[in-house]
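Each chain, written out:
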Amino acid sequence: MELVKISDSEYQKIAQEFGTPVYVYHAESIEHQYQRLLNAFPSVNVKLHYALKALNNINVLRILKAQGAGLDAVSIQEVQLGLRAGFAPSEIMYTPNCVDFAEIKEAVALGVHINIDNISILEHFGHEFGATVPCCIRLNPHIMAGGHSHISVGHIDSKFGISIYQLRHVLRVVESLKIKVNGLHMHTGSDILDAEVFLRGAELLFDAARSFKDLEFMDFGSGFKVGYKPNDIVTDIEEIGEKISAAFVTFCEEYGRKLELWFEPGKFIVSESGSLLVKANVIKQTTSTVFVGVDSGQNHLIRPMFYDAYHHIENISHADGAMRLYSVVGYICETDTLGYDRKLQEVREGDVLRIHNAGAYGFSMSNNYNARLRPAEVLVRNGEAHLIRRREVLDDLIRSEIELEGLI
Ligand SMILES: *Cc1c(COP(=O)(O)O)cnc(C)c1O
């Protein structure tokens, strides 16, 4: 199935109709990525829980629900968004970190799957629920994912998961308190390129699984990489799928029961589907470079500043312009660079630039710094553009403020 992408002229029309800055998502691309991942594991019972922290607009959640996805939620609010979007509690995995036990009790009451990543919480859970509520245990196998250190969470200093070296202690708690462990989980980071790295983590989880009798699933988290630069090396999903499936089938035979294989992709599903369209407000020549100053910034797309992430940028208003070198920066009073030393078709004030790979951790990490309003979101489906979130207005910024009368 060849995916037909949104053309530059369609993006231009969207910028005209809805204004800039605007996030644009392509429904078919989301479905395409979901199906690609699903089809990479043909021989096992695979279940994909979309990590909604990447992009949580209700319409995107419903696209994935229609595809048969479940959800991976990291907060009680994400659980509630999932339920509102129509997911059944049994389709939602709740994977919190460092939350109050009260929030876990709330999630239990809502009936979602519970993933526990701390021994003190596990003990608390056992005392409270014993064998009546099953839970999954998040282990940290301490394998290093490639790529940027900020997005590797499986390493030794990580705050996530229970160390695989603490397995004996985990088992002691589980056995003493009669906890029913229905799944084991690992999520090692965001940039696993290599099937071998993934498999090393999987083998450690299989080893641990031999000590648990009630397992129904194994959850290998995410780590599927997508291309950000035009020639980036990306996860070979088909190769990883084949190798993990084979290892999983062997494990299940040994374990004596066919378990489900779960993943929690975020970025892989929605990153490439999304673009942020911005307008060039000013061209500013300085002694060292030419800046393009746009009507957006790190308040709308924080990844370049936060992770040093590369997001490809194109000038869609001047496709036949000569290539020139620019630094693309935002309008926030803070270092606010979206792209250094980029070759772009000559940019004129008023041109629309398309920032690629903005579907994941774009809008969902946006904020109101400098009292700037967050962009609109548009979903393109069957070639038609639909507004799925209106642009913010000033009232949105002050809605929760309480104005004191007579005190000041
Ligand atoms: C963020 C997260 C994911 C998704 O990671 P991606 O890199 O976006 O695929 C999956 N599982 C957990 C527990 C997460 O915190």
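Residues numbered from 1 in each chain as written. Predicted model: local features only at pLDDT ≥ 70, side-chain atom pairs only at ≥ 80, totals over all residues. Heavy atoms only, no water.

Visitor: Give me the pattern of salt bridges: which residues, what numbers.
Guide: Under the defined criterion, the tally for this structure stands at 15 salt bridges. A salt bridge links Lys243 to Glu239; its shortest N-O distance comes to 2.8 Å. Of the two residues, Lys243 and Glu239 are both situated in helix H9 (residues 237-255); the distance of four residues between them amounts to about one turn of the helix. The exposure class assigned to Glu239 is partly exposed, which follows from its relative accessible area of 34%. Between Asp351 and Arg348 there is a salt bridge, and its shortest N-O distance comes to 3.1 Å. On the accessibility criterion, Asp351 (5% relative accessible area) is buried. The class of Arg348 is partly exposed, set by a relative accessible area of 37%. Connected through salt bridges with shared partners, the residues Asp207, Arg210 and Glu254 form a single ionic network. (Salt bridge = Lys/Arg side-chain N within 4 Å of Asp/Glu carboxyl O. Helix = DSSP H or I, 4+ residues; strand = E, 2+ residues; numbered from the N terminus. Buried < 20%, exposed > 50% of the residue type's maximum accessible area, 1.4 Å probe, protein only.)

Visitor: Mind laying out the domain arrangement of the protein chain, listing which residues take part and the relevant values?
Guide: Per the domain assignment, the segments making up the protein chain are domain 1 (56-265) and domain 2 (271-398). Centre-to-centre separation of domain 1 and domain 2, based on C-alpha positions: 33 Å. Between domain 1 and domain 2, the contact holds twelve residues from the first and 15 residues from the second. A buried area of about 1,200 Å², summed over both sides, lies between domain 1 and domain 2, and 58% of it is on carbon and sulfur atoms. Its largest share of buried area at the contact with domain 2, domain 1 owes to Asn57, Ile63 and Tyr228, together 42% of the area lost on that side. Inspection of the domain 1/domain 2 interface yields zero salt bridges. Along the contact surface separating domain 1 from domain 2 lie four residue pairs in polar contact (both at pLDDT 80 or more). (Domains from an automatic or database assignment. Contact = heavy atoms within 4.5 Å. Buried area = accessible area lost by both parts, 1.4 Å probe. Polar contact = N/O pair within 3.5 Å; in protein donor to acceptor, adjacent residues only side chain to side chain.)

Visitor: Break down the environment of Ser366 for me, with residues and values.
Guide: Residue placement: Ser366 occurs in the loop between strand E16 (352-355) and strand E17 (376-381). Judged by its relative accessible area of 9%, Ser366 is buried. Between the C-alpha atoms of Ser366 and Leu301, which are 65 residues apart in sequence, the distance is 6.2 Å. Ignoring sequence-local partners within four residues, the contact set of Ser366 consists of Asn299, His300 and Arg374. Among the polar contacts made by the side chain of Ser366, one reaches the main-chain carbonyl oxygen of Phe363 at a distance of 2.7 Å.

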